[in-house]
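Here are the chains, one letter per residue:
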Amino acid sequence: KWHYGGYAATRAAAARAHLTELLPALLLTIAKAGNADLSFSRFDNFLSRLPSGVQLFALLRTHDDLRELLVQLMASAPRMAEAVIHRAHVMDGLIDPAFADEVSRRTVLVGKVDAFLADARDYQEGIDRARIIGQEQQFLIAAGLLSGTMSARQAGEQFTALAETLLHRLFIAVRVEFEKRHGVVPGASVGLLGFGKMASREMTVASDLDFILIYEVEGGAEDSNGEKPLATSQYFARLTQRLVAAVTAPTSEGVLYQADMRLRPSGNAGPLATSLSAFQRYQEESAWTWEHLALTRARVVDADEGFAAKIEGTVAAILSRPSAAGKTIDDVVSMRALMAKERPPRHPFDLKLVPGGLIDLEFVAQSAQLLAREQIGRPQAPTAIVLARLGEIGLVPEGARLAEIHGVFSTVLQAMSAALADPFKDEGWTDAFRDLLAQLTNEPSFTRLAEDLKEMQGEVQSAAERWYARAQEL
């Protein structure tokens, strides 16, 4: 079927010529894949949906490493294989001699994104270009992770750098477009406060953008000064809507990110944008403990000049207020119990939600930040850094070990997100994928990895229980 042009990818004579030369090496590579029949079947499925094969076959003929990587993706990472079907040219980035050196460098990534977006001729083309470069760079970061070129921590930082850069550029474009009709609010400053994985620089290929828009107006202006003026609160609510649409709207180039705005004051019932004073008032007078936990790693990801420091100062002031240890810990324990009931783990490797998983590690670190912020001395730090620090100062003697466990859990979850379209369905868990997980976590086998993860979960549960008992007395 391949050689008789049965697929679009092999219809051109040039494609079949390249395929004829490629086939012996390709079959040999597939035979060594560990699950050769499945790899061959997936390659056939891949080929049947590939719109054109000339460029890709030529690349695979002349680059052995690329051929081996593509077959590995077929065997162990169907999500990545799917990306190649829709954008075969993403493989070009993998043959760049500088790939291994550059894929983990933030400055290189930001430079590529900025250069690609700079060529946009208008607002809509900028929206499309953001999706093109976003998906291409996500693929390359994921490839760096799965090939062992970079660690899970480095991948998280690069996924986050990509998201921040795209968010920053889209926010600039949205504001320019918005101001054409509605002008600006005189004396206003705007910032985006990030939460969750974006704030802690631990994003995966599947992460949402978790942020809120905060503004401040000096001078008392009540309306914007454009052709169609808006009241201040309405202006910033509409601006937020436009930004969320720029990030989340599906276009011919796909969806860039999903956006999560639930951490704005009053949650989904609250206004889309909030003034800095209203944000502080809400956090000090009305916020629940879980909102303060989230605030312990919140980070300004974009802001007008000088406004980031104001937001950061406000967050520091909120978190520096004394917390009642007994109530804080009771709330954390209750929240964890409710979460276990309402959001049970979907798979044995749902290492975020399993008992003794990432959530438990995060709750230990975040509750400690609420109760001993000054003693810890690591404001807004990621979970692993806080855990290690808790070990250093003796508040959680197992802190260094918990930070190490956090790294293992993160590696597994990063690989699951990068390799599998639906990590919690068993069909993606091939022997090749299991072997890949063991390799990335430096385990001798998948069986040993599964056993060690169970032991780690028990360690986390025990350490969390001891911390909560000790914290009641702080």
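In the block above lies the structure referred to throughout.
Let me sum up the structure you'll find in this document. Residue positions are given per chain, counting from 1 as you read along its sequence in written order. Local features in this predicted model are restricted to residues whose pLDDT is 70 or higher, and side-chain atom pairs enter the listing and the counts only when it is 80 or higher, whereas totals over whole chains, interfaces and linings include all residues. The basis for every side-chain value is the complete set of heavy atoms in the structure, and neither hydrogens nor water enter the calculation.

This part covers the overall build of the protein chain. In DSSP terms, a helix is any run of H or I states spanning at least four residues, a strand is any run of E spanning at least two, and both are numbered starting from the N terminus. The helix and strand inventory of the protein chain stands at 21 helices and 5 strands. Taken over 474 residues, the protein chain has a buried fraction of 52%. Where accessible areas are quoted, they stem from the Shrake-Rupley method and a 1.4 Å probe; at the residue level, only the protein chains shown are allowed to cover. Summing over all exposed atoms, the protein chain offers an accessible surface of approximately 20,800 Å²; the carbon and sulfur share of this is 51%. Counting rule applied: Lys, Arg positive; Asp, Glu negative; His and chain ends not counted. In plain terms, the charge of a residue is placed at NZ if it is Lys, CZ if Arg, CG if Asp and CD if Glu. A distance of 3 Å separates the average location of the 49 positive side-chain charges in the protein chain from that of its 60 negative side-chain charges. Note on exposure labels: buried denotes an accessible area under 20% of the residue type's maximum, exposed denotes more than 50%, and partly exposed covers the range between, all computed with a 1.4 Å probe on protein chains only.

Inspection of the secondary structure puts Lys 32 in the loop between helix 1 (13-31) and helix 2 (36-49). The class of Lys 32 is exposed, set by a relative accessible area of 66%. Along the backbone, Lys 32 and Glu 68 are 36 residues apart, and their C-alpha atoms lie at a distance of 9.3 Å.

On to the environment of Pro 271, then. Among the structural elements, Pro 271 can be located in the loop between strand 3 (259-260) and strand 4 (273-275). Sequence spacing of Pro 271 and Tyr 282 is 11 residues, and the spatial spacing of their C-alpha atoms is 12 Å. Contacts are assigned to residue pairs that have any heavy atoms within 4.5 Å of one another. When near neighbours in sequence (up to four residues on either side) are disregarded, Pro 271 contacts Arg 264 and Pro 265.

The buried count for strand 1 (residues 188-194) comes to 5 of 7 residues, which makes it a mostly enclosed element. As defined by bridge partners, strand 1 adjoins strand 2 (residues 209-217) across 7 bridges and the pair is classed as antiparallel. Along strand 2, the bridge assignment pairs Leu 193 with Ile 212. By the bridge criterion, 4 bridges tie strand 1 to strand 5 (residues 299-303) in an arrangement that is antiparallel. Within the sheet, the bridge partner assigned to Leu 193 lies in strand 5 and is Val 300. Two strands make a pair as long as DSSP finds a minimum of two bridges between them.

Further remarks concern the packing of aromatic side chains. Only Phe, Tyr and Trp rings are paired, with Trp represented by its six-membered ring, and only when their centres lie within 6.5 Å; those with planes under 30 degrees apart are stacked, over 60 edge-to-face, the remainder tilted. Following the criterion strictly, the structure yields 10 aromatic pairs and no others. Ring geometry for Phe 349 and Phe 446: centres 5.4 Å apart, planes at 15°, overall stacked. In this pair, Phe 349 is assigned in the loop between helix 15 (325-342) and helix 16 (358-371) and Phe 446 in helix 21 (residues 446-471), connecting sequence segments 97 residues apart. Accessibility assignment for this pair places Phe 349 and Phe 446 in one class, buried. Ring pairing ties together the aromatic residues Trp 2, Phe 40, Phe 43 and Phe 46, which thus form one cluster. Geometrically, a lysine NZ or arginine CZ counts as sitting over a ring once it is within 6 Å of the ring centre and also within 35 degrees of the ring normal. Between the NZ or CZ atom of Arg 129 and the centre of the ring of Phe 116, over which it lies, the distance is 4.3 Å. Positioned above the aromatic ring of Phe 171, the side-chain terminus of Arg 175 is 5.2 Å from the ring centre.

Okay, the packing of helix 7 (residues 106-118) against helix 9 (residues 152-182) next. For any two helices packed against each other, the geometry is given by the interaxial angle and the distance between the axes. The axes used here are C-alpha line fits, helices contributing only the stretch in contact, and every angle between their N-to-C directions lies in the interval 0 to 180 degrees. The geometry of helix 7 relative to helix 9 is characterised by a closest axis approach of 10 Å and an angle of 30° between their N-to-C directions. Here helix 7 is positioned roughly parallel relative to helix 9, judged by the angle of their axes. As for how helix 7 packs across helix 9, the hand of that crossing is right-handed. Contact residues: helix 7 offers Arg 106, Leu 109, Val 110, Val 113, Asp 114 and Leu 117, while helix 9 offers Gln 158, Ala 161, Leu 162, Glu 164, Thr 165, Leu 166 and Arg 169. All amino acids are sorted into three groups, where Ala, Val, Leu, Ile, Met, Phe, Trp, Tyr, Cys and Pro are nonpolar, Asp, Glu, Lys and Arg are charged, and the leftover types, Gly among them, are polar. Considering only residue class, the contact of helix 7 with helix 9 consists of 7 nonpolar, 2 polar and 4 charged. When describing relative orientation, an angle under 35 degrees is termed roughly parallel and one over 145 degrees roughly antiparallel, while 65 to 115 degrees is termed roughly perpendicular and anything else oblique. Rotating anticlockwise by less than a right angle from the far helix to the near helix defines a left-handed crossing, while the corresponding clockwise rotation defines a right-handed one.

Here the focus is the pattern of salt bridges. Salt bridges, as used here, are contacts in which a Lys or Arg side-chain nitrogen is within 4 Å of a carboxyl oxygen on Asp or Glu. Summed over all chains, the structure comprises 29 salt bridges. Across the salt bridge formed by Arg 121 and Glu 125, the nearest N and O atoms sit 2.8 Å from each other. Judged by its relative accessible area of 17%, Glu 125 is buried. Its salt-bridge partner being Asp 304, residue Arg 175 comes within 2.8 Å of it at the nearest N-O pair. Highlighted residues: Arg 175 in helix 9 and Asp 304 in the loop between strand 5 and helix 14 (307-320), separated in sequence by 129 residues. Salt bridges here are not isolated pairs; linked through shared partners, they connect Lys 197, Glu 202, Arg 297 and Glu 362.

Time to look at the side chain of Thr 383. Structurally, Thr 383 is set in helix 18 (residues 383-392). The class for Thr 383 is buried, based on a relative accessible area of 2%. Every residue in contact with Thr 383, bar those within four places of it in the chain, is listed here: Arg 297, Leu 361, Glu 362, Ala 365 and His 406.

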